[in-house]
Amino acid sequence: MHKFSRASLLKALIPGLVLSLNLVGCKDPNANKTGGDPGTGAATTAAAQDTSGDTIKVGQYASLTGETSTFGVESNAGLTFAIDELNAAGGIDVGGKKMKVEVETQDDQSKADEAKTVAVKFASDAKVVAVIGEVASSRSKTAAPEFQRAGIPMISPSSTNPEVTKVGDFIFRVCFIDPFQGFVMAKFASEELKLKKVAIMRDPSQDYSVGLADVFKEEFAKMGGAIAVDVSYNAKDSDFRSQLGQIKAAGADGIFIPGYYNEVGTIARQAKELGIEVPLMGGDGWDSEKLVEGAGGPGKALEGAYFSTHYSKDSKEQKVQDFVKAFSAKNGKAPASLVAQGYDAMMILADAIKRAGSTERKKVRDALAQTKDYEAVTGKITIDADRNATKSAVVLQIKGAEFAYVKTIAPN
Ligand code: PHE
């Protein structure tokens, strides 16, 4: 289906990436053509792990193209930056032997069924020690059963839907979950913005959107707020005027849109056209360098809107400042939130392999589960009994082309 080969597409999207890392292996550039080969949809039998060889092979599946491509491109940039750093230091110390990291990246084109296809492929690769992915919850949830079946640890940098890690004991994430994120935005709407009657716009096709909408609704009600109206949209639609008309008629004093950046930009533009001036709010799915552009550019439809996310590059923490400086020097721009999440996911895996003193999947899994007070760029990470990370969230406000830091909200 693609006109480009995977290698040329990757090079075009992320200049320098594939070429700069000689250990980044896409051994067969055409291995993952759209559509998949017949039979790849079925689960494979877990292959015995092959721990011979001098490198640590990490798999990554990400949305490098498609609907939410900035998610995959950014988390990949963070993962690549982490691997460069690890390899520049000689590799990861595995029981006294330094081993370099090699990554194979598969593009799932922002599609859940494609995420499953590439997961099946990784699951039958005896060399893969662990897999990093996906950003979006629906894709992580669809792929996770394959890694669980194969006994390969999977770490999502940023999928926040609670169901993802419930798939099994090999499935981890290094981010907070939506029951917390929904609480954060309900609290912000209620206490900071003093809103009383908020409308919700949700995308029923995304687990993330549904989960976050539900939690917001529940938490906002607990805080004494009312829901003006709760409407659904389809991410593929380009006309959201009828839903926005309902919201206007219901007299909402704010709109919570737990969607992804593409449709949020269009929704915001159409809201302005309809004369809706109330605050717009969202979650981490807004966190993309393409968000403001989609809303008509800086100072336009999303000016002043708020969203919750994982990290702010403006944090005063030394660890964050060092990371921002090093990444910017190499990449010519400051790292977005998902860059930091991708970096942290890889560094936490490296830390677990080191503590395990082994590349055996089960031992790496056990070490990951014991991660405690790890000083990550996006905060201190302890993996809890459900393999989730308990961390603070930040609220940012859109000001021009920038996401300005507003507040940090810590979990109780
Ligand atoms: N939390 C979102 C999900 O679960 C993904 C996401 C994370 C998007 C961070 C942007 C930034 O689908």
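Residues numbered from 1 in each chain as written. Predicted model: local features only at pLDDT ≥ 70, side-chain atom pairs only at ≥ 80, totals over all residues. Heavy atoms only, no water.

Describing the overall build of the protein chain
Here is step 1 of the chain: Helix and strand counts for the protein chain stand at 14 helices and 15 strands.
Here is step 2 of the chain: Within the protein chain, buried positions represent 56% of all 412 residues.
Here is step 3 of the chain: In the protein chain, the proportion of contacts linking residues at least 24 apart, taken out of those at least 6 apart, comes to 70%.
Here is step 4 of the chain: Carbon and sulfur atoms make up 52% of the accessible area of the protein chain, which amounts to about 16,100 Å² in all. (Helix = DSSP H or I, 4+ residues; strand = E, 2+ residues; numbered from the N terminus. Buried < 20%, exposed > 50% of the residue type's maximum accessible area, 1.4 Å probe, protein only. Contact = heavy atoms within 4.5 Å. Areas by Shrake-Rupley, 256 points an atom, 1.4 Å probe, with all protein chains shown as cover.)

Comments concerning the packing of helix α3 (residues 69-88) against helix α13 (residues 337-356)
Here is step 1 of the chain: Look at α3 against α13: their axes get within 7 Å of each other, and the N-to-C directions meet at 40°. Comparing their axes, α13 and α3 come out oblique. Relative to α13, α3 is oriented so that their crossing is right-handed. In this structure, α3 contributes Phe71, Glu74, Ser75, Ala77, Gly78, Leu79, Phe81, Ala82, Ile83, Glu85 and Leu86 to the contact, and α13 contributes Leu338, Val339, Gly342, Tyr343, Met346, Met347 and Ala350.
Here is step 2 of the chain: A per-class count over the contact of α3 with α13 returns 13 nonpolar, 3 polar and 2 charged. (Axes fitted to C-alpha atoms, helices over the stretch in contact; angles between N-to-C directions. Parallel < 35°, antiparallel > 145°, perpendicular 65-115°, else oblique. Left-handed = near helix turned anticlockwise from the far one by under 90°. Nonpolar A, V, L, I, M, F, W, Y, C, P; charged D, E, K, R; others polar.)

Brief notes about the sheet that holds strand β15 (residues 402-409)
Here is step 1 of the chain: On the basis of which strands lie adjacent, the open sheet formed by 7 strands has the order β8-β7-β9-β10-β11-β14-β15 and mixed pairing. Only two strands of the sheet have a single partner each, and these edge strands are β8 (226-232) and β15. Averaged over all pairs of adjacent strands, the angle between strand axes in this sheet comes to 25°, irrespective of strand direction.
Here is step 2 of the chain: In this sheet, strand β14 (residues 393-399) lies alongside strand β11 (residues 306-309) in antiparallel orientation, the contact comprising 4 bridges. When the bridges of β14 are listed, Tyr306 appears paired with Gln397.
Here is step 3 of the chain: Helix α9 (residues 241-249) contacts β7 (197-202), β8 and β9 (254-256) of the sheet and is inclined by roughly 170° relative to β8. (Pairing = 2+ DSSP bridges.)

With respect to the side chain of Arg365
Here is step 1 of the chain: Structurally, the position occupied by Arg365 is in helix α14 (residues 361-369).
Here is step 2 of the chain: Here the side chain of Arg365 touches Asp169 through a polar contact of 2.6 Å, landing on its backbone oxygen. (Polar contact = N/O pair within 3.5 Å; in protein donor to acceptor, adjacent residues only side chain to side chain.)

Considering the environment of Val395
Here is step 1 of the chain: Looking at where Val395 falls in the secondary structure, it is placed in strand β14.
Here is step 2 of the chain: Of the residues examined, Val395 reaches a relative accessible area of 0% and is grouped as buried.
Here is step 3 of the chain: Those residues within four positions of Val395 in sequence are excluded, and the remaining contacts are Val184, Met185, Phe188, Tyr306, Phe307, Ser308, Ala404, Tyr405, Val406, Lys407 and Ile409.

Here's the deal with the site of the ligand
Here is step 1 of the chain: Around the ligand, a shell composed of 14 residues is seen, among which Ser137, Ser158, Thr160, Tyr260 and Asp284 lie nearest.
Here is step 2 of the chain: Contacts to the ligand include Ser137, whose side-chain N or O atom sits 2.4 Å from an oxygen atom.
Here is step 3 of the chain: Protein burial of the ligand: of its 330 Å² of free accessible surface, 100% is covered by the chains.
Here is step 4 of the chain: When the residues that make up the shell around the ligand are grouped by side-chain class, the tally is 6 nonpolar, 6 polar and 2 charged.
Here is step 5 of the chain: Counting contributing residues, the shell around the ligand receives three or more from each of domain 1 (37-176 + 319-390) and domain 2 (178-309). (Near = heavy atom within 4 Å. Domains from an automatic or database assignment.)

Brief notes about unusual backbone geometry
Here is step 1 of the chain: Gly133 connects to Glu134 through a cis peptide bond whose omega is -15°.
Here is step 2 of the chain: Here Glu134 is to be found in the loop between β4 (128-132) and α5 (137-150).
Here is step 3 of the chain: Unusually for a residue other than glycine, Arg387 sits at a positive phi of about 65°.
Here is step 4 of the chain: Position of Arg387 among the secondary structure elements: in the loop between β13 (379-381) and β14.

What to know about the sheet that holds strand β3 (residues 97-107)
Here is step 1 of the chain: Reading across from one edge, β2-β3-β1-β4-β5-β6 is the order of the 6 strands in this open sheet, with mixed pairing throughout. The outermost strands of the open sheet, each flanked by one partner alone, are β2 (92-94) and β6 (171-173). The sheet shows a mean angle of 35° between the axes of neighbouring strands, taken without regard to direction.
Here is step 2 of the chain: Where β2 lies against β3, 3 bridges are found, and the strand directions are antiparallel.

Observations regarding the pattern of salt bridges
Here is step 1 of the chain: Counted according to the given criterion, the structure contains 29 salt bridges.
Here is step 2 of the chain: Across the pair Asp239 and Arg241 runs a salt bridge, and its minimum N-O distance is 3.2 Å.
Here is step 3 of the chain: By relative accessible area, which is 36% here, Arg241 ends up partly exposed.
Here is step 4 of the chain: Taken together, the shared-partner salt bridges connect Lys57, Glu104, Lys121 and Asp125 into one network. (Salt bridge = Lys/Arg side-chain N within 4 Å of Asp/Glu carboxyl O.)

Some words on the packing of aromatic side chains
Each aromatic ring pair is summarised here by two numbers: the centre-to-centre distance and the angle between the ring planes.
Here is step 1 of the chain: Counting across every chain of the model gives 17 aromatic pairs.
Here is step 2 of the chain: Considering the side-chain rings of Tyr61 and Phe147, the 5.6 Å spacing of their centres and the 40° angle between planes classify their relative orientation as tilted. In this pair, Tyr61 is assigned in strand β1 (residues 55-62) and Phe147 in helix α5, connecting sequence segments 86 residues apart. Each of the two residues, Tyr61 as well as Phe147, counts as buried.
Here is step 3 of the chain: A ring pair is formed by Trp286 and Phe307, whose centres lie 6.0 Å apart and whose planes are at 40°; its orientation type is tilted. Placement of Trp286 in the loop between β10 (280-282) and α11 (291-294) and of Phe307 in strand β11 is noted, with a sequence separation of 21 residues between them.
Here is step 4 of the chain: The buried category is assigned to Phe307, whose relative accessible area is 0%.
Here is step 5 of the chain: Of the aromatic side chains, those joined through ring pairs into one cluster are Phe71, Tyr208, Tyr260 and Tyr261. (Phe/Tyr/Trp six-rings, centres within 6.5 Å; stacked < 30°, edge-to-face > 60°.)

A look at the packing of helix α7 (residues 178-192) against helix α8 (residues 207-222)
Here is step 1 of the chain: In contact at an axis separation of 8 Å, α7 and α8 are set at 45° when each is read in the N-to-C sense. Taken together, α7 and α8 sit at an angle that is classed as oblique. The handedness of the crossing between α7 and α8 comes out as right-handed. Counting all contacts with α7, which are made through Asp178, Pro179, Gln181, Gly182, Phe183, Met185, Ala186, Ala189 and Ser190, the residues of α8 involved are Tyr208, Leu212, Val215, Phe216, Glu219 and Phe220.
Here is step 2 of the chain: Taken together, the residues of the contact of α7 with α8 break down into 10 nonpolar, 3 polar and 2 charged.

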